[in-house]
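# Survey of secondary and tertiary structure
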Amino acid sequence: MVAHLALSFWLVLAVDQSTLQDFCVSQPNAQVLVNGLVCKDPKLVEANDFSFSGLHIAGNTSNPLGSKVTPVFAAQLPGLNTLGIAMARIDFAPWGINPPHTHPRATEILTVLQGSIEVGFVTSNPDNRLIRKVLQQGDVFVFPIGLIHFQRNVGDGNAIAIAALGSQNPGVITIANAVFGSNPDIASDVLSKAFQLDNGVVKNLQSKF
Ligand SMILES: *[C@@H]1O[C@H](CO)[C@@H](O)[C@H](O)[C@H]1NC(C)=O
């Protein structure tokens, strides 16, 4: 019973809280720390506070992953503060990947604007089942909150996707960076046991992230 209560409590908190006012446009450079961002005086709010420009511009995919995420979260669009949604554009070079990552606070729904994109997520323990599919232009796919997922351009041209997320600030945990690139490092013997790798391989991975 207690476990059930604890679980439902956690589930309720796993999405953004409901709003108590029409909007709460974030105030730049506020000194107060709250859960979310401090509201600007509503009388000073203007249309531009609810707008972001530039999602037509392709992200620069000249990097080792061959992908670029352009986020439109509360940090980029002040009017999103407290509203519980966000979006992003993802550009992929041919065979580029958006590496395995998770959003701790949001379910993600994605549509392909251009190209063919393989997408997948892995279910939690003990099954760790891979749910994967190749999407074509116009296809939509949903990544459930918290689950590790990835995307890969499986075409020879550039690919573009637009994602919507159920939090103003979904958070991103990129698995390789979090595990092998933490600051400071996780002790290499912890990672060599966890990943069943030689210590030298772990140290090499740690030097890369
Ligand atoms: C894209 O990124 C690469 C690597 O950082 C950089 O050399 C290049 O100038 C960038 N291209 C554009 C158009 O910004």
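Quick caveat, the model's predicted, so the values are computed rather than measured.

## Overview of the UniProt feature "binding site: Mn(2+)" (unreviewed entry) in the protein chain
Under the UniProt annotation, the feature "binding site: Mn(2+)" (unreviewed entry) is placed at His101, His103, Glu108 and His149. Spanning 49 residues, the annotated positions come together in the fold, the maximum distance between their C-alpha atoms being 11.8 Å. One can find His101 in strand E3 (residues 97-102). In this structure His101 comes out as buried when scored by relative accessible area, which is 3%. With residues up to four places along the chain from it excluded, the contact list for His101 reads Glu108, Leu147, Ile148, His149, Val172, Ile173, Thr174 and Ile175. Considering the arrangement of structural elements, one finds Glu108 in strand E4 (residues 108-114). Exposure remark for Glu108: the relative accessible area of 3% places this residue in the buried category.

## Focus: the state of the cysteines
All chains considered together, the criterion is met by one disulfide. The partner cysteine of Cys24 in its disulfide is Cys39, sulfur to sulfur 2.0 Å. Classification of the bridge connecting Cys24 and Cys39 rests on its S-S torsion, roughly -105°, and on that basis the disulfide is left-handed. Taken as a pair, Cys24 in the loop between helix H1 (2-13) and strand E1 (67-72) and Cys39 in the loop between H1 and E1 lie far apart in primary sequence, 15 residues in all. Here Cys24 falls in the buried class, since its relative accessible area comes to 3%. Classification of Cys39 by relative accessible area gives partly exposed; the value is 30%.

## Details of the sheet that holds E4
The antiparallel open sheet is built from five strands, whose spatial order is E1-E2-E9-E4-E7. Sheet topology places E1 and strand E7 (140-143) at the edges, where each strand pairs with a single neighbour. Taken over all neighbouring pairs, the strand axes of this sheet differ in orientation by 20° on average, direction set aside. Direction of pairing for strand E2 (residues 86-92) relative to strand E9 (residues 159-165): antiparallel, over a ladder of seven bridges.

## Side note on the nonpolar core
Formed by 14 residues in total, the largest nonpolar core has its most connected members in Phe92, Leu110, Ile117, Val119, Leu135, Phe141 and Phe143. Looking at this core, the elements that each hand over two or more residues are E2, E4, strand E5 (117-122), E7 and E9. For Leu110, the residues in contact, after removing those within four places along its chain, are Ile90, Val119, Leu135, Asp139, Val140, Phe141, Phe143, Gln151, Ala161, Ile162 and Ala163. With ten residues, the next largest nonpolar core counts Leu55, Phe73, Leu77 and Ala106 among its residues.

## Thoughts on the packing of helix H3 (residues 188-195) against helix H4 (residues 199-208)
It is the contact of H3 with H4, at a shortest axis distance of 9 Å, that shows an interaxial angle of 110°. When the axis of H3 is compared with that of H4, the two are roughly perpendicular. Remark: the crossing between H3 and H4 carries right-handed chirality. Judged by residue contacts, Ser188, Asp189, Leu191 and Ser192 of H3 engage Asn199, Val202, Lys203 and Gln206 from H4. Residue composition of the contact of H3 with H4, grouped by class: two nonpolar, four polar and two charged.

## Side note on unusual backbone geometry
The linkage connecting Asn125 with the following residue, Pro126, adopts the cis geometry, with an omega of 5°. Summarising the element assignment, Pro126 is placed in the loop between E5 and strand E6 (130-135). Residues Asn183 and Pro184 are joined by a peptide bond in cis, for which omega reads -5°. Mapped onto the elements, Pro184 comes out in the loop between helix H2 (175-180) and H3. Here Asn128, not a glycine, exhibits a phi torsion of approximately 45°, which is positive.

## Some remarks on the pattern of salt bridges
Under the counting rule described, the total for this entry stands at five salt bridges. Among the ionic pairs, Glu118 bridges to Arg152, the shortest N-O distance being 2.8 Å. Of this pair, Glu118 sits in strand E5 while Arg152 sits in strand E8 (residues 148-153); the two residues are 34 residues apart in sequence, bridging distant segments of the chain. Each of Glu118, Arg132 and Arg152 takes part in one network of salt bridges that share partners.

About the thresholds
- Residues numbered from 1 in each chain as written.
- Predicted model: local features only at pLDDT ≥ 70, side-chain atom pairs only at ≥ 80, totals over all residues.
- Heavy atoms only, no water.
- UniProt positions renumbered as here; feature names shortened; annotations may be inferred.
- Helix = DSSP H or I, 4+ residues; strand = E, 2+ residues; numbered from the N terminus.
- Buried < 20%, exposed > 50% of the residue type's maximum accessible area, 1.4 Å probe, protein only.
- Contact = heavy atoms within 4.5 Å.
- Disulfide = S-S within 2.5 Å.
- Pairing = 2+ DSSP bridges.
- Axes fitted to C-alpha atoms, helices over the stretch in contact; angles between N-to-C directions.
- Core = buried A, V, L, I, M, F, W, Y, C linked by side-chain atoms within 4.5 Å.
- Parallel < 35°, antiparallel > 145°, perpendicular 65-115°, else oblique.
- Left-handed = near helix turned anticlockwise from the far one by under 90°.
- Nonpolar A, V, L, I, M, F, W, Y, C, P; charged D, E, K, R; others polar.
- Salt bridge = Lys/Arg side-chain N within 4 Å of Asp/Glu carboxyl O.

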